[in-house]
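# Fold and geometry: a report
The chain contents come next:
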Amino acid sequence: MKPVQIRDAHFPGRAEIDVYGNGGFRFADMSHRGSILCLPSGIYGWDMSEGDALEAAAFEKVLADAGEIEFLILGTGVDLRPIPAALRAVFNQHGIASDPMNTGAAVRTYNIMLMESRPVAAALIAVD
């Protein structure tokens, strides 16, 4: 008997975010508790909470998809937090423009850019 294999959960595709709040997100007739990364390769759970440091290590999956991303929307939670200069420099080195905003505004902006078929990604910190 083969042992149970646990994989990182993800949705293998792009999808609009239907609902956010209560600590998670709904998209593609599914729900996820916690923060998410919406990338060209799929939607992934993201181990990030409000107040966590915004450092390059937290964005490895984003950087792995950098060739397909021109713009990253960063939903920083309830309140807007600036992107630290060192992280912004990493994004710029990979050809990614980035813009922080609260998570609600980030969800709306991501959905619009996705509908316009733009090369966008989003890093969304869950809010209650």
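Scope of this entry: the structure provided in the associated data block.

Criteria and thresholds
- Residues numbered from 1 in each chain as written.
- Predicted model: local features only at pLDDT ≥ 70, side-chain atom pairs only at ≥ 80, totals over all residues.
- Heavy atoms only, no water.
- Helix = DSSP H or I, 4+ residues; strand = E, 2+ residues; numbered from the N terminus.
- Rg over C-alpha atoms; globule rule 2.2 N^0.38 Å.
- Buried < 20%, exposed > 50% of the residue type's maximum accessible area, 1.4 Å probe, protein only.
- Contact = heavy atoms within 4.5 Å.
- Lys, Arg positive; Asp, Glu negative; His and termini not counted.
- Charge placed at Lys NZ, Arg CZ, Asp CG, Glu CD.

## Side note on the overall build of the protein chain
Looking only at helices and strands, the protein chain features three helices and nine strands. Along its sequence from the N terminus, the protein chain presents helices and strands in the succession β-β-β-β-β-β-α-β-α-β-α-β. Relative to its length of 128 residues, the protein chain is compact, with a C-alpha radius of gyration of 14 Å against a globular reference of 14 Å. Projected onto its principal axes, the C-alpha positions of the protein chain cover 50 × 30 × 30 Å. Residues counted as buried form 44% of the 128 residues belonging to the protein chain. By sequence separation, contacts in the protein chain at least 24 residues apart represent 67% of the contacts at least 6 residues apart. Taken together, the 10 basic and 16 acidic charged side chains of the protein chain have centroids lying 4 Å from each other.

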